[in-house]
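Structure at a glance
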Amino acid sequence: MLNVTKTYLPPLDEYTKYLEGIWSSAKLTNYGPLVQKLEADLKSYLGVKHLFFVNNGTLALQIAIKALGLSKKIITTPFSYVATTSSIVWEGCEPIFADIEKDTLSLDPSLIEDLITPDTEAILATHVYGIPCDVERIQAIADKHNLKVIYDAAHAFGVKFKDSSILNYGDVSTISFHATKLFHTGEGGAIVTDNDEIAYKISYMMNFGHDGPEKFVGIGINGKNSEIHAALGLCILPKVGELMDLRKSIHKIYDDHLAGNGIIRPYIGDNVTYNFAYYPVILPSEQLLLKVIKALNQEDIFPRRYFYPSLADLNYVQYEGNLPVTDDVCARILCLPLFHDLSEDNVINICSIIEKCIKQ
Ligand SMILES: *Cc1c(COP(=O)(O)O)cnc(C)c1O
C-alpha cells in the first residue's frame, strides 16, 4: 500500500542513545537539555532569531494570535489546512477570506486591501505546500494599514526566499513538526519571531504565564514540548538536507513522466529555495480527479485531496462571498504520494495510471 506520505524514522539506536540519557537524568520536560539543544540547533539551521519548540503547530498558531493581542478580524486564506482557520475562530477572532492566486495558490495580495475595515487587525497567510506567499507585497499592505502579519509556515521547513529563511518574514511564523511533515518530532511545532517583545510574550504564554518559579506575568497555556519529542528532532535534523534531496529527485521523476498531460503544477516563485515537501497536481476537471483517485485506489495507492473542501465552507464560519479560484482549485487538486523512500518504479507506475485516465 502506498499512502500520500510516510513518516521518516531515524535509526533506532540513535534514538535510544538519547533515551538512555533521559532515563539517567529522569528529566522529561520543562526545558530540559534536549529541548534547549533542539531550539538552538533549529535556530542556527534555519537562521532565525527566536524559536520556541511547542507541542504542535496548531497551538503555535493560537499562541501567535494571542501574543499579538488579536481579537477582531483577520484576513486569511481559504486554501490551507483546517487549523489555519480553526485557530482564528478558537481565539475569538473572525476569519475574513480573500481568494488565492491561480499560480502560487497562496493568498492574493491584490484582493486584501478591499477587505480591510477599521476592525481588521492582521493578515494570516499560509505558505501552502512550502510555496512562499508574496511576502513583500503582503508586508507593504500591512505597513500601510498598520496590520500584523502571521504566516502559517507548517509546510515551509527549510524554505528560503532571497537567501533568508521564509520564517523571517511577517511578525510571527509558525511551523508544524507533526509526523507527516518534512521535519518532525512525532508531534510538535515551533513559533518564530525576530521581535524581542513578542518573543518575551510567547516565552511566558507557552509556559502558564511563568517568568520564574513564583512570578506570573500574564495568562498562559501549556505549550511546552518534551525531551522525548526533542530527541526525535535531534536525530532527524542532521538528515533533513538528505531527505529534501531525495524528495527533489522524486519531484523530477514525476515532472518528467507527467509532462504533456494537461496537468498543472503550482508555481514556486522566483528567488525561492524550495523544500519539495509535497507534490500537488491540478487535474483538468473534478470528474477526472475522481477517476484518477479511483484508479489509483484500485492499485492500493492513496493520494489525498489536500486541500479540500475550501475553509470558507466550514460550518462555524460565516462566509457569503465568492472565492472562484479557491473553489476551482479545491475541486481539482490532488497530492500524489511523496516520501523519502518512494521508489522510481512506483512513481512511474502512478504516472502511467494517471496518464491512462486522462487519455481514455
Ligand atoms: C499540519 C498543519 C497545521 C497543524 O499542525 P499540527 O502540528 O498538526 O497541529 C497547521 N497548518 C497547516 C497548513 C498544516 O499543514
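The shown structure was predicted, so the numbers you read here are calculated from the model rather than taken from an experiment.

Some details on the UniProt feature "modified residue: N6-(pyridoxal phosphate)lysine" (unreviewed entry) in the protein
Here, the residues flagged by UniProt with the feature "modified residue: N6-(pyridoxal phosphate)lysine" (unreviewed entry) are K181. For K181, a relative accessible area of 13% puts it in the buried group. Ignoring any residue separated from it by four or fewer positions in sequence, one finds K181 in contact with A154, H155, S176 and Y278.

A short note on the domain arrangement of the protein
In terms of domains, the protein is made up of domain 1 (2–98 + 107–238) and domain 2 (240–359). When domain 1 packs against domain 2, the two sides together hide about 3600 Å² of surface, and 67% of this comes from carbon and sulfur. Residues K6 and D341 are paired through a salt bridge, measuring 2.9 Å at the closest nitrogen-oxygen approach. Remark: the boundary between domain 1 and domain 2 carries 14 residue pairs in polar contact (both at pLDDT 80 or more). Taken together, the elements giving at least two residues each to the side of domain 1 that touches domain 2 come down to β1 (2–3), α4 (82–90), β4 (94–97) and β7 (160–161). At four residues, the largest contribution of residues to the side of domain 1 that touches domain 2 is made by α4. A per-class count over the side of domain 1 that touches domain 2 returns 25 nonpolar, 10 polar and four charged.

A word on the nonpolar core
Ranked by size, the top nonpolar core spans 52 residues in total, and within it L42, I112, I138, Y151, F157, F177 and F183 carry the most contacts. Here this core takes six residues from helix α7 (residues 227–236), the largest share from any one element. Of the residues that make up this core, three or more belong to each of domain 1 (2–98 + 107–238) and domain 2 (240–359). L258, L296, L336 and I354 belong to the second largest nonpolar core, which has 26 residues in total.

A look at the site of the ligand
The full set close to the ligand counts 15 residues, and T58, D152, H155, S176 and K181 are the nearest of them. One of the side-chain N or O atoms of K181 is found 3.2 Å from an oxygen atom in the ligand. Within the complex, the protein chains bury 93% of what would otherwise be the 380 Å² of accessible surface of the ligand. Its residues placed into classes, the shell around the ligand shows four nonpolar, nine polar and two charged.

Rules used in this analysis
Residues numbered from 1 in each chain as written. Predicted model: local features only at pLDDT ≥ 70, side-chain atom pairs only at ≥ 80, totals over all residues. Heavy atoms only, no water. UniProt positions renumbered as here; feature names shortened; annotations may be inferred. Buried < 20%, exposed > 50% of the residue type's maximum accessible area, 1.4 Å probe, protein only. Contact = heavy atoms within 4.5 Å. Domains from an automatic or database assignment. Buried area = accessible area lost by both parts, 1.4 Å probe. Salt bridge = Lys/Arg side-chain N within 4 Å of Asp/Glu carboxyl O. Polar contact = N/O pair within 3.5 Å; in protein donor to acceptor, adjacent residues only side chain to side chain. Helix = DSSP H or I, 4+ residues; strand = E, 2+ residues; numbered from the N terminus. Nonpolar A, V, L, I, M, F, W, Y, C, P; charged D, E, K, R; others polar. Core = buried A, V, L, I, M, F, W, Y, C linked by side-chain atoms within 4.5 Å. Near = heavy atom within 4 Å. Areas by Shrake-Rupley, 256 points an atom, 1.4 Å probe, with all protein chains shown as cover.

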